[in-house]
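Analysis of the macromolecular model
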Amino acid sequence: MKKFQYLEDIAVADIAFDAFGKDLNELFANAALALFTMQVDLKTVNAKKTWKINLRNNKLDNLLFDFLDELIFLKDKDYSIFSKVKVKVADKKASYNLEAEVKGESINTEKHKLGNDVKAVTLHQFEVKKLKNYWKARVIVDI
């Protein structure tokens, strides 16, 4: 199974992708990797620094939205890019909890092969759904 695939002709000033995972942990990690990959050549990023993320939301799709949004916020706030991610999503009775660890380093324009600067996740066509034996998320980001 693919980790993610970019989608053409979904939106003109945006980038769309579908992320996949055998479980929620893999789905969220692969969505983060899709986000990272559109911003930088991951081979040029060393996992020097670690950021921890803890989030909670009553809705699973909103939790993924918040997670991706937090990654964009951290990129902008710390002027950093990421290349590695570990995610644990727990289904509590009243909410979903996320614990994640991302690794990367400060942006260095001489070292890193930068791609698109993602500004935000959009709600347009945003969805998370369980299919027969895997999970799928559709995400569109504003660049």
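Calculation criteria
- Residues numbered from 1 in each chain as written.
- Predicted model: local features only at pLDDT ≥ 70, side-chain atom pairs only at ≥ 80, totals over all residues.
- Heavy atoms only, no water.
- Helix = DSSP H or I, 4+ residues; strand = E, 2+ residues; numbered from the N terminus.
- Rg over C-alpha atoms; globule rule 2.2 N^0.38 Å.
- Buried < 20%, exposed > 50% of the residue type's maximum accessible area, 1.4 Å probe, protein only.
- Contact = heavy atoms within 4.5 Å.
- Areas by Shrake-Rupley, 256 points an atom, 1.4 Å probe, with all protein chains shown as cover.
- Lys, Arg positive; Asp, Glu negative; His and termini not counted.
- Charge placed at Lys NZ, Arg CZ, Asp CG, Glu CD.
- 1 Å grid on protein atoms, 1.4 Å probe; cavity = no way out; pocket = protein on both sides within 12 Å on 5 of 7 lines; lining within 4 Å.
- Points joined across faces, edges and corners; volume = space filled by probe spheres on them.
- Nonpolar A, V, L, I, M, F, W, Y, C, P; charged D, E, K, R; others polar.

Across its full length, the chain holds two helices and eight strands. If you list the helices and strands of the chain from N to C, you get β-β-α-β-α-β-β-β-β-β. For a compact globule of 143 residues, the expected C-alpha radius of gyration is about 15 Å, and the chain comes in at 14 Å, within 12% of that figure. Viewed in the frame of its principal axes, the chain has a C-alpha envelope of about 45 × 35 × 25 Å. The 143 residues of the chain split such that 47% are buried. Taking all contacts inside the chain whose residues are at least 6 apart in sequence as the whole, residues at least 24 apart take part in 66%. Element-wise, carbon and sulfur atoms account for 47% of the exposed surface of the chain, whose accessible area totals about 8000 Å². Taking the 25 positively charged and 21 negatively charged side chains of the chain as two groups, their mean positions are separated by 7 Å.

All right, on to the layout of surface pockets then. Remark: the empty space left among the atoms is shown by a probe the size of a water molecule rolled over them. The volume enclosed by the largest pocket comes to roughly 150 Å³. The wall of the largest pocket is formed by Q39, K75, D76, Y79, I81, I107, L114, G115, N116 and D117. Class assignment for the residues of the lining of the largest pocket results in four nonpolar, three polar and three charged.

According to the stated counting rule, one finds one cavity of 30 Å³ or more in the structure shown. If you trace the largest cavity, you find it lined by F36, Q39, V40, K75, S80, I81 and F82. Elements supplying a minimum of two residues to the lining of the largest cavity: helix 1 (24-39) and strand 4 (80-91). Ranked by residue count, the leading element in the lining of the largest cavity is strand 4, at three residues. In terms of residue class, the lining of the largest cavity is built from four nonpolar, two polar and one charged.

Its place among the elements puts Y6 in strand 1 (residues 4-7). Residue classification places Y6 among the partly exposed positions, given a relative accessible area of 34%. Y6 sits 74 residues away from S80 along the chain, and the two C-alpha atoms are 23 Å apart. When neighbours within four sequence positions are excluded, Y6 is seen to be in contact with I15, A16, F17, A34, T37 and M38.

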